[in-house]
Amino acid sequence: MPVMRVPPNAGAAQPQKMIHSLFLINCSGDIFLEKHWKSVVSQSVCDYFFEAQEKAVDVENVPPVISTPHHYLISIYRDKLFFVSVIQTEVPPLFVIEFLHRVADTFQDYFGECSEAAIKDNVVIVYELLEEMLDNGFPLATESNILKELIKPPTILRSVVNSITDYEGSSNVGDTLPTGQLSNIPWRRAGVKYTNNEAYFDVVEEIDAIIDKSGSTVFAEIQGVIDACIKLSGMPDLSLSFMNPRLLDDVSFHPCIRFKRWESERVLSFIPPDGNFRLISYRVSSQNLVAIPVYVKHSISFKENSSCGRFDITIGPKQNMGKTIEGITVTVHMPKVVLNMNLTPTQGSYTFDPVTKVLTWDVGKITPQKLPSLKGLVNLQSGAPKPEENPSLNIQFKIQQLAISGLKVNRLDMYGEKYKPFKGVKYVTKAGKFQVRT
Amino acid sequence: MTDSKYFTTTKKGEIFELKAELNSDKKEKKKEAVKKVIASMTVGKDVSALFPDVVNCMQTDNLELKKLVYLYLMNYAKSQPDMAIMAVNTFVKDCEDPNPLIRALAVRTMGCIRVDKITEYLCEPLRKCLKDEDPYVRKTAAVCVAKLHDINAQLVEDQGFLDTLKDLISDSNPMVVANAVAALSEIAESHPSSNLLDLNPQSINKLLTALNECTEWGQIFILDCLANYTPKDDREAQSICERVTPRLSHANSAVVLSAVKVLMKFMEMLSKDLDYYGTLLKKLAPPLVTLLSAEPELQYVALRNINLIVQKRPEILKHEMKVFFVKYNDPIYVKLEKLDIMIRLASQANIAQVLAELKEYATEVDVDFVRKAVRAIGRCAIKVEQSAERCVSTLLDLIQTKVNYVVQEAIVVIKDIFRKYPNKYESVIATLCENLDSLDEPEARAAMIWIVGEYAERIDNADELLESFLEGFHDESTQVQLQLLTAIVKLFLKKPTETQELVQQVLSLATQDSDNPDLRDRGYIYWRLLSTDPVAAKEVVLAEKPLISEETDLIEPTLLDELICYIGTLASVYHKPPSAFVEGGRGVVHKSLPPRTASSESTESPEMAPAGAPPGEQLDVIPTQGDLLGDLLNLDLGPPVSGPPLATSSVQMGAVDLLGGGLDSLMGDEPEGIGAPNFVAPPAATVPANLGAPMGSGLSDLFDLTSGVGTLSGSYVAPKAVWLPAMKAKGLEISGTFTRQVGSISMDLQLTNKALQVMTDFAIQFNRNSFGLAPAAPLQVHAPLSPNQTVEISLPLNTVGSVMKMEPLNNLQVAVKNNIDVFYFSTLYPLHILFVEDGKMGES
């Protein structure tokens, strides 16, 4: 058989798995960072993205998968930045999207914010991180614990040390192999030591709901997470149990959780990563379990053939389990023909942006004795037809010390280490995508 | 102090300045200079001119500096192949370093230097690293093999790296296993024939073990690899499913979707009677729903995949309708996908809720979304009969809003509702007619014209309405022109006395003043039909229309099955097989769902249907897209009409008279004016000859033309061919042929049982086909068919079945059922079996 040599420049036609290049683009369309894992792909490939962006009008509406004659562009939009990855062949898009979100998470973790300024200020670290996170398009190290051993995050102290000493050893790169990377528990580094050993859990539940005009619930579910902040020395082995684990039938776990224990005993058993991480996320969907803590009375009307309308909304507590509802904000996207709004709130303050047509009412908390309301006149563009659509109200709120699903942590046990840790659980319920149709 | 300082350089002599700094004696200054170079690289500046100076910095024991230089090398080595050789020595040396981190770094970077010349130098270090004592180095080396293969495949094979890589699948470290799988999968993709990933129960077991222990990304590689395996029987499939199911609870959505792919594929092999089958179905719903609470980009990909999954197995999500309700601030690409799935899940049980939602959506701001919502209401009416009335009244409400695009969409869907439920909702026509003037989109205009033509007898001023469209005939789009032509012909056939002038006008507009061949051809066909045999014309043009399908844009079953194998990939987002869009189309293997191999259950298995044969419930459906062409289709394959009422009614007589006069003279007057000279109107003399003939003779004239050519001896019988191989039908082999003897058609079958169990309860069914072929008697297999037994049967056929045009014309789709399962196959029948022995085509 004749020997078939693949010419070196045949690269373009070869299957090039996974992520080929990454471009970071800000809202005004400047490409401010590019990274190529294989050969260099010209920035001009982003023109297809800009085209799609122009078509989508709103930044949120840019489709996440775009095909171009020679590449696919898979992008995410986070913190006012687009992460656009270039793909050359068949690849699982979720894989890419998950990875991009992980990159954004890592930037957030390293620099405190994921912004153009932070990335530009730390461009060398960013580059080293990207190189460490992906090899040949295969994700390599994405656990923050491991990354931090390989590449140290910038700290004020270290940059000071770096700048005043010309000592060669000062470097933000670790020079030993991260310990956790190959063990069966890659998420935890070895030799963790704390003087105060603490384990805190935040049970955070968000209510997603659509309430129709008449006030009945069209759809409601709870998206819950348990976020943990674990600062424990050594190799602690934790067991977290619940009063009512039956609530949790649709759960996603951090890889550290032993699935079998959960299946058989409904106990979360795990050796935790060090620091902050999301232990589980869960969904409670059966309608009777989802309490709706607030109600809204509303009357929004536009008169035919006149340039004004009336606006009147009142908020009251519903199933709030006796807790205070606070941090209430109401956001309304008014129809385009609305020119201005002249309203009076009984409490809090409101703003109306005549450009984006967004009304925001910062209510504060509800006191049942005097329900907060906002009413007044709406000025419409004269001569324009009365708007067909009624705006939806978007409600934000917060209830401390309550998990609306009723989920309760029973106890936390620790094995494998001798010391006594501080333990704590906090509950909070928030509005997620909570919409009231009018 | 931040890195932004690296961007500020003096404009003049930037490269020159950097060069000086790179060659500085001070190590710190060197490092700073390299950082500046990297910073330039990040914004796409070309700093390749500094190649030799940067490479000079490589020999250092400062790890950060080394890493930075490597970063640079990877970017530019390809453009400076000669210089890249300078780096080889350092790589070779670093691969021997006592620190595993440095060994791994070297082997990783080495593979990224895409320069053919230096690859040979890298083989020895790579070989050592593949056998390194440290798993971190081994796993990095595994990926390096894939990189090297990409540069020089032959070299990798010659050096035996592929075998080493295969050995790594048995490595003790799960991360090494995962990377080896990833590397092998990538290599295998460029060599589809090389049996690189030789999957067998042993290696599968290793992969499943590694699956539990490796990182999330490794899990994706392993799951994707598992999905390519075909278990040997249902028991193995079940045990793999059991071990994969825990992945459904993973926080990484890509892991979840890859697991869903494996489960969806292997489920094919499980019997629906198994308890486990039901358990698995239940387990699939929550993770899919959870994907919808993730970021919008993830939701989008998940929704595209769910769209496939609900088409394949609607039972999984049938109770989850509400999670697909649209939130007003969902991105538009999510909204549109959700709407699609809502329609697919709509059923009698949830239709009230769905309709209430759709009505809500129809008042939203986004035009595309509103249009789709209105259309969705129509689709609900067609899909769920009980809801039709409510849907129609909702649509009428929407028409009252007078919002232009809402009205137009509503009219388009109401036309489909009329098609589906004839003689039920025509009372709304008056309302529709009120909106005639506001229609400016071709599709809406065409729909409205269709309605007027179809119900011409109920609309008093139908002629005026159609005439008003005729004024600007040449400015209309083809769609509208074609529809107008058909509608006026319909009108003429219904009210011949008043509309003679109109029909002449439109026929002449279509045939003489238009340069669109479709329009001209249709005009001529009507013309010829009207002039030769108006009664037949009536039968053809006003024939009962075929049913429209309940679901539009269903994916064709074989493609759906292929796409199920590609869940989670780009193919699943575009709903196209990878071969259709992967650049170069190289290295694409068609995947198919595994056949069920257990032998004791009876359920449908659509994957066995040969291309083009839709399974069970879709047998008698024509997609709605075709319905505008319905009339023309009827014409093409007009069913040989049975039981002809003779042309005696006054209306029909009127039509005949008229043709004898008006149209004939019209044609006689200006035969030269007809644009296509080879399509001359038939001489007037033939008209009376045909008038007395039985119905359908006009058609038989047409067929005579073809049959004259195709006539063969009626007794010719093709040898039997295998139609359904045993391996596709759980042991049942069917071969057969068609015969025609003394005026009767039969299908001679030979059934062979190649399975180990007795087969009974045989039955046969044909899909609708071009000539209405259907079994004239049930399939008689008198005794149970024992293993290895063969039986010969002659199945009498007739041509009175329902008719549907097939592609090719003589394609016949057959379903054979026995006690084990239902099997589908398709075959082509020789056209001569349809011809009567005297050389004419049979008419009944």
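Chain B is annotated in an unreviewed UniProt entry as AP complex subunit beta from Camelus dromedarius. Regarding chain B, the relevant UniProt record gives this comment under Sequence similarities (unreviewed entry): "Belongs to the adaptor complexes large subunit family." Its UniProt record gives chain B a comment under Subcellular location (unreviewed entry), which states: "Endomembrane system".

The name given to chain A in an unreviewed UniProt entry is AP-3 complex subunit mu-1, and the organism recorded there is Camelus dromedarius. In the Sequence similarities (unreviewed entry) part of its UniProt record, chain A is described as follows: "Belongs to the adaptor complexes medium subunit family."

## Let's talk about the pattern of salt bridges
Taken as a whole and judged by the stated rule, the model has 47 salt bridges over all chains. With a shortest N-O distance of 2.8 Å, D250(A) and R283(A) are connected by a salt bridge. You can see D250(A) sitting in the loop between β10 (237–242) and β11 (251–253) and its partner R283(A) sitting in strand β13 (residues 275–284), a full 33 residues away along the chain. Its salt-bridge partner being D416(B), residue K415(B) comes within 3.5 Å of it at the nearest N-O pair.

## Considering a negative patch on the surface
A contiguous patch of negative charge, built from E464(B), E467(B), E471(B) and E501(B), is present on the exposed surface. Locating E467(B) in the fold gives a position in helix α25 (residues 462–470).

## Focus on the interface of chain A and chain B
Residue-level contacts link 110 residues of chain A with 112 residues of chain B. Between chain A and chain B, the buried area comes to about 9,700 Å², and carbon and sulfur atoms account for 56% of it. Inspection of the region where chain A meets chain B yields 7 salt bridges. E216(B) is the partner of R102(A) in a salt bridge, and the nearest nitrogen-oxygen pair spans 2.8 Å. Linking chain A with chain B are 22 residue pairs in polar contact (both at pLDDT 80 or more), by the criterion used here. The dominant element in the side of chain A that touches chain B, judged by the number of residues it contributes, is helix α2 (residues 93–111) of chain A, at 8 residues.

## A short note on the pairing of strand β8 (residues 198–211) of chain A
Residue and element names in this part refer to chain A. Most of β8 is tucked away: 10 of the 14 residues are buried. Sheet analysis places β8 next to strand β9 (residues 217–231), joined by 14 bridges and oriented antiparallel. Residue Y200 lies in a different strand from β9, and its bridge partner there is C229. What sits between β8 and β9 in their antiparallel hairpin is a turn of 5 residues, with G215 showing a positive phi close to 95°. As judged from the 13 bridges shared by β8 and strand β23 (residues 422–437), these two strands associate in the parallel manner. Of the residues in β23, the one forming a bridge with E198 is F422.

## Let's talk about the domain arrangement of chain B
Segmenting chain B into domains produces domain 1 (441–550) and domain 2 (721–834). If you average the C-alpha positions of domain 1 of chain B and of domain 2 of chain B, the two centres end up 42 Å apart.

## Examining the confidence of the model for chain A
Residue and element names in this part refer to chain A. Residues at a pLDDT of 70 or more form 89% of chain A, whose mean pLDDT is 84. Note on residues 1–16: pLDDT is under 50 here. Beyond four places in sequence and across chains, it has 26 contacts. Residue range residues 157–170 is modelled with pLDDT below 50. Its contacts to residues more than four positions away, or to other chains, number 16 contacts.

## Here we look at a positive patch on the surface
Residue and element names in this part refer to chain A. A contiguous patch of positive charge, built from K297, K303, R310 and K375, is present on the exposed surface. Positionally, K375 belongs in strand β20 (residues 373–380). By relative accessible area, K375 is classed as partly exposed at 42%.

## Things to note about the sheet that holds strand β14 (residues 294–302) of chain A
All names here are of chain A. Spatially, β14-β15-β20-β17 is the arrangement adopted by the 4 strands of the open sheet, whose pairing is antiparallel. Single-partner strands in this sheet number two, and they are β14 and β17 (338–345). Here the strands of the sheet are splayed against their neighbours by 15° on average, with no regard to which way each runs. The pairing of β17 with β20 spans 7 bridges and is antiparallel. Considered in β20, the bridge of P345 is made with L374.

Reading guide: rules and limits
- Residues numbered from 1 in each chain as written.
- Chains lettered and ligands numbered in written order.
- Predicted model: local features only at pLDDT ≥ 70, side-chain atom pairs only at ≥ 80, totals over all residues.
- Heavy atoms only, no water.
- UniProt positions renumbered as here; feature names shortened; annotations may be inferred.
- Salt bridge = Lys/Arg side-chain N within 4 Å of Asp/Glu carboxyl O.
- Helix = DSSP H or I, 4+ residues; strand = E, 2+ residues; numbered from the N terminus.
- Patch = residues over 30% accessible without salt bridge, like charges linked within 9 Å, V, L, I, M, F, W, Y side chains within 5 Å.
- Areas by Shrake-Rupley, 256 points an atom, 1.4 Å probe, with all protein chains shown as cover.
- Lys, Arg positive; Asp, Glu negative; His and termini not counted.
- Charge placed at Lys NZ, Arg CZ, Asp CG, Glu CD.
- Contact = heavy atoms within 4.5 Å.
- Buried area = accessible area lost by both parts, 1.4 Å probe.
- Polar contact = N/O pair within 3.5 Å; in protein donor to acceptor, adjacent residues only side chain to side chain.
- Buried < 20%, exposed > 50% of the residue type's maximum accessible area, 1.4 Å probe, protein only.
- Pairing = 2+ DSSP bridges.
- Domains from an automatic or database assignment.
- pLDDT = per-residue confidence, 0-100.
- Axes fitted to C-alpha atoms, helices over the stretch in contact; angles between N-to-C directions.

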